[in-house]
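Chain residues, written in single-letter form:
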Amino acid sequence: MIARLLILVARGWQLGPSLILPSSCRYSPSCSAYAIEALGRYGALKGGWLAARRIARCHPWGGHGYDPVP
């Protein structure tokens, strides 16, 4: 139930602000797509942790490139 709510939040980001703001994704797939996949695969606790770690790594001095959900 909580995972589905978090997926809706990520999906809302994809359909809202993400369309208006310029693309600045450093990773592939994007952080929101990564979060949706992680939450769907692992649930709210572990999937939320993986998504939070990924978002925390998304900064100018972080990594880049292909980074799939483990």
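Quantities reported herein were computed from a predicted structural model and do not represent experimental measurements.

### Points about a nonpolar patch on the surface
Moving on, step 1. Among the surface-exposed residues, Leu5, Leu8 and Val9 lie close enough to one another that they form a single nonpolar patch of about 320 Å² accessible area.
Moving on, step 2. As for its position among the elements, Val9 is in helix H1 (residues 2-15).
Moving on, step 3. Residue classification places Val9 among the exposed residues on the basis of a relative accessible area of 55%.

### What to know about the confidence of the model for the protein chain
Moving on, step 1. Residues of the protein chain with pLDDT of at least 70 account for 100%, and the chain-wide mean is 91.
Moving on, step 2. Taking the mean pLDDT of every element in the protein chain, the minimum, 86, falls on helix H2 (residues 17-20) and the maximum, 95, on helix H3 (residues 31-57).

### Digging into the side chain of Asp67
Moving on, step 1. Within the secondary structure, Asp67 sits in the segment after strand S2 (65-66).
Moving on, step 2. A polar atom in the side chain of Asp67 sits 2.4 Å from the side chain of Arg57.
Moving on, step 3. Those residues in contact with Asp67, other than ones at most four positions away along the chain, are Tyr27, Ser28, Pro29, Tyr34, Arg54 and Arg57.

### Description of H3
Moving on, step 1. The end-to-end C-alpha distance of H3, which contains 27 residues, comes to just 10 Å, noticeably less than the 39 Å that a straight helix rising 1.5 Å per residue would cover.
Moving on, step 2. The principal kink in H3, of about 140 degrees, is found at Gly43.
Moving on, step 3. Looking only at H3, the buried set comprises Cys31, Ser32, Tyr34, Ala35, Ala38, Leu39, Gly47, Leu50, Ala51 and Arg54.
Moving on, step 4. Check the buried side of H3 and you find it contacts H1 and strand S1 (27-28).

### Focus: the environment of Arg54
Moving on, step 1. Residue position: Arg54 is located in helix H3.
Moving on, step 2. Taking the C-alpha atoms as reference, Arg54 lies 16 Å from Val9; in sequence the two are 45 residues apart.
Moving on, step 3. Setting aside anything within four residues of it in sequence, one finds Arg54 in contact with Tyr27, Ser28, Pro29, Ser30, Cys31, Tyr34 and Asp67.

### Some thoughts on the packing of aromatic side chains
Moving on, step 1. As enumerated under the stated definition, the model contains zero aromatic pairs in all.
Moving on, step 2. The residue whose ring lies beneath Lys46 is Tyr42, and the NZ or CZ to ring-centre distance is 4.5 Å.
Moving on, step 3. Here Arg57 stacks its cationic end above the ring of Tyr27, 5.7 Å away from the centre of that ring.

Rules of the game
Residues numbered from 1 in each chain as written. Predicted model: local features only at pLDDT ≥ 70, side-chain atom pairs only at ≥ 80, totals over all residues. Heavy atoms only, no water. Patch = residues over 30% accessible without salt bridge, like charges linked within 9 Å, V, L, I, M, F, W, Y side chains within 5 Å. Areas by Shrake-Rupley, 256 points an atom, 1.4 Å probe, with all protein chains shown as cover. Salt bridge = Lys/Arg side-chain N within 4 Å of Asp/Glu carboxyl O. Helix = DSSP H or I, 4+ residues; strand = E, 2+ residues; numbered from the N terminus. Buried < 20%, exposed > 50% of the residue type's maximum accessible area, 1.4 Å probe, protein only. pLDDT = per-residue confidence, 0-100. Polar contact = N/O pair within 3.5 Å; in protein donor to acceptor, adjacent residues only side chain to side chain. Contact = heavy atoms within 4.5 Å. Expected span 1.5 Å × (residues − 1). Bend = angle between axes of the 7 residues up to and from the residue. Phe/Tyr/Trp six-rings, centres within 6.5 Å; stacked < 30°, edge-to-face > 60°. Lys NZ or Arg CZ within 6 Å of the ring centre and 35° of its normal.

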